[in-house]
There are 2 protein chains.
Amino acid sequence: MKKYVKCLLLVTVAASAAALAQQAPPKPETLIKWRQSTFQVIAWNNSRVKANLEGQYNKEEVAKSANAIAALSNAGLGALFAPGTEQGKGWHDTSAKPELFKDGKRAAELFGNFNKEANELARLAAVGEPGAVKEQFARLGKTCKACHDDFKAKE
Amino acid sequence: MKKYVKCLLLVTVAASAAALAQQAPPKPETLIKWRQSTFQVIAWNNSRVKANLEGQYNKEEVAKSANAIAALSNAGLGALFAPGTEQGKGWHDTSAKPELFKDGKRAAELFGNFNKEANELARLAAVGEPGAVKEQFARLGKTCKACHDDFKAKE
C-alpha cells in the first residue's frame, strides 16, 4: 500500500510538472520576436491597403488586409508587452520605450484606440467604398502615430 | 499648341511615373521579412491555442488567436512568395526551398489546405467546445507540416 501511495504521488508530481511546463510562458526574447513580427505584419497589410488606395482599387484585397490588421489587433497587442519584456532582443533590440511598461493605463488606451479604428476599417473595407476606406485608413494611421510618439524609440 | 501638347505629355508621363512609384512592389528583402514575420505571428497564435488546450481553456482567447491565424491565411500566404524572393535575407536567410517557386500548383494546394483548416478552426473556436477545437487544431498542424516537409529547408 505504501509503495502504491508513493508511486501515485510520484506520478501526480510528474503530471503536475508536465502541465506546468506546457503552460510555461514564452521566453522574453521569443515574445519580443513575436511582437516585432506582429507590427511587421500590420505594416505589410497597411502597405497593401495603401497601394490599393493609390493605384488600382481591389475591394477583395483591401478587405483581406483590413481583416488581418483587425484580427491581429483583436488578438491583443497588450499581451505582447508582458512584464519581463521591457528589454531584450527579438529580431533586434526592442524599440519599446520603458514608459510603455510603466504606464499600462495609457498603453491600454492607445491600443484600444487602434483597435477601434482597425475594426472600423475592416467594416468599411467590406462595404468597399474607396473614399470612406481612405478616410478611415488615415484615422487608423493617426492611432499608430500616437502610440509610436509616446512609446516607440527612434531607430 | 505644340508647347501645350508637349507640356501635357510631360505632365502625363510624370503622373504615370508617380503612380508607378506608388504601386512599386516591396523590395525582395522587405517581402521576405514580412513573410518570416507572418509565420512567426501564426506560431505565436498557435502557441496560445496550444497553451489553452493543455491548460485552462479560455474560449475568448482561443477564438481571438484562431481568428488571427485564419485572417493571416485569408490575406494570402502565396502573395508573400512573389517571384524575385526565391533567395534573400529578411530577418534571416529565407528558409523557403527553391521547389516552392517552381511548383506553384503544389504550393497553392498546400496553402489552400492550410486555409481551409484555419477557417474551420476559427469557426469551431467561436463555438468553444475544447474537444472539437483540439481535433481541428491537430488537423491544422498536419497542413503546416505537409508544407514544411515539401518546401521549408531545415534550419
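The rules behind the values
- Residues numbered from 1 in each chain as written.
- Chains lettered and ligands numbered in written order.
- Predicted model: local features only at pLDDT ≥ 70, side-chain atom pairs only at ≥ 80, totals over all residues.
- Heavy atoms only, no water.
- Helix = DSSP H or I, 4+ residues; strand = E, 2+ residues; numbered from the N terminus.
- Buried < 20%, exposed > 50% of the residue type's maximum accessible area, 1.4 Å probe, protein only.
- Contact = heavy atoms within 4.5 Å.
- Least-squares fit on C-alpha atoms with pLDDT ≥ 70 in both.
- Phe/Tyr/Trp six-rings, centres within 6.5 Å; stacked < 30°, edge-to-face > 60°.
- Lys NZ or Arg CZ within 6 Å of the ring centre and 35° of its normal.
- Buried area = accessible area lost by both parts, 1.4 Å probe.
- Salt bridge = Lys/Arg side-chain N within 4 Å of Asp/Glu carboxyl O.
- Polar contact = N/O pair within 3.5 Å; in protein donor to acceptor, adjacent residues only side chain to side chain.
- Nonpolar A, V, L, I, M, F, W, Y, C, P; charged D, E, K, R; others polar.
- Core = buried A, V, L, I, M, F, W, Y, C linked by side-chain atoms within 4.5 Å.
- Axes fitted to C-alpha atoms, helices over the stretch in contact; angles between N-to-C directions.
- Parallel < 35°, antiparallel > 145°, perpendicular 65-115°, else oblique.
- Left-handed = near helix turned anticlockwise from the far one by under 90°.

Chemist: Would you explain the overall build of chain A in this entry?
Modeler: Each helix and strand in chain A was counted, giving 6 helices and 0 strands. In chain A, which comprises 155 residues, the proportion classed as buried is 35%. In chain A, the share of contacts with a sequence separation of at least 24, taken over all contacts with a separation of at least 6, comes to 74%.

Chemist: Whenever I open this one, the relation of the copies chain A and chain B confuses me. Can you help?
Modeler: A rotation about some axis, followed by a shift along it, carries one copy of the chain onto the other. Note on the copies: chain A fits chain B at an RMSD of 0.0 Å, the axial shift is 0.0 Å, and the rotation between them is 180°. Read as a symmetry element, the transformation amounts to a two-fold axis. Using C-alpha coordinates, one finds that chain A approaches the rotation axis most closely at S37 of chain A, a distance of 2.2 Å. A symmetric contact is evident, with 100% of the interface residues of chain A recurring at the interface of chain B.

Chemist: Honestly, the packing of aromatic side chains in this entry has me stumped. Any pointers?
Modeler: One pair of aromatic rings is described through two measures. These are the centre distance and the angle between the planes. Residue and element names in this part refer to chain A. The full count for this structure, using the stated rule, is 7 aromatic pairs over all chains. Between the aromatic rings of F81 and F101, the centroid separation amounts to 6.2 Å while the plane-to-plane angle is 55°, which identifies the pairing as tilted. Highlighted residues: F81 in the loop between α3 (59–74) and α4 (98–102) and F101 in helix α4, separated in sequence by 20 residues. Chaining the aromatic ring pairs together yields one cluster made of F39, F81, F101 and F111. Across from the ring centre of W91, 4.7 Å away, lies the NZ or CZ of K33, which sits over that ring.

Chemist: Whenever I open this one, the interface of chain A and chain B confuses me. Can you help?
Modeler: For interface size, the figure often reported is the accessible area lost on association. Opposite the 30 residues of chain A that make contact, chain B presents 30 residues. Counting the surface lost from both chain A and chain B, the interface buries some 2500 Å², and carbon and sulfur atoms represent 68% of this. Together, W34, W44 and W91 of chain A form the three largest contributors to the area buried by chain A at its contact with chain B, with a combined 28%. Applying the counting criterion to the chain A and chain B interface returns 0 salt bridges. At the junction of chain A and chain B, the tally comes to 4 residue pairs in polar contact (both at pLDDT 80 or more). If you list the elements that add at least two residues to the side of chain A that touches chain B, you get α2 (28–54) and α3 of chain A. Looking at the side of chain A that touches chain B, the element that brings in the most residues is α2 of chain A, giving 14 residues. Residues that form the side of chain A that touches chain B fall into these classes: 13 nonpolar, 13 polar and 4 charged.

Chemist: Mind showing me how you'd approach the side chain of T143 of chain A here?
Modeler: Looking at where T143 of chain A falls in the secondary structure, it is placed in helix α6 (residues 130–151). Ignoring sequence-local partners within four residues, the contact set of T143 of chain A consists of N113, F114 and E117 of chain A.

Chemist: How should I be thinking about the nonpolar core in this particular structure?
Modeler: The nonpolar side chains of a soluble globular protein tend to be buried, and buried together. One finds L72, L80 and F114 of chain A together with L72, L80, F81 and F114 of chain B to be the most contacted residues of the largest nonpolar core, which totals 70 residues. Those residues in contact with L72 of chain B that sit more than four places away from it in its chain are V41, A68 and L72 of chain A together with T38, V41, I42 and L77 of chain B.

Chemist: Is there a simple way to explain the packing of helix α5 (residues 104–127) of chain B against helix α6 (residues 130–151) of chain B in this structure?
Modeler: Describing two packed helices takes the angle between their axes plus the distance from one axis to the other. All names here are of chain B. Between α5 and α6, the shortest axis-to-axis distance is 9 Å and the interhelical angle comes to 165°. It follows from the interaxial angle that α5 and α6 lie roughly antiparallel. When you trace α5 past α6, the crossing you get is left-handed. Contacts between α5 and α6 involve R106, A107, L110, F111, N113, F114, E117, A118, E120, L121, L124 and A125 from the former and A132, V133, Q136, F137, R139, L140, T143, C144, A146, C147, D150 and F151 from the latter.

Chemist: What exactly am I supposed to notice about the packing of helix α3 (residues 59–74) of chain B against α5 of chain B here?
Modeler: Residue and element names in this part refer to chain B. Where α3 contacts α5, the two axes come as close as 8 Å, and the packing angle between them is 155°. By the angle class used here, α3 and α5 are roughly antiparallel. Remark: the crossing between α3 and α5 carries left-handed chirality. In this structure, α3 contributes K59, V62, A63, A66, N67, I69, A70, S73 and N74 to the contact, and α5 contributes F114, N115, A118, N119, L121, A122, A125, A126 and V127. In the contact of α3 with α5, the residues fall into 12 nonpolar, 5 polar and 1 charged.

Chemist: What am I meant to see in the environment of T94 of chain B here?
Modeler: Residues and elements named next belong to chain B. With respect to the element layout, T94 can be found in the loop between α3 and α4 (98–102). Expressed as a C-alpha distance, the spacing of T94 and K33, which sit 61 residues apart in the sequence, is 8.8 Å. With residues up to four places along the chain from it excluded, the contact list for T94 reads I32, R35, Q36, E86, Q87 and G88.

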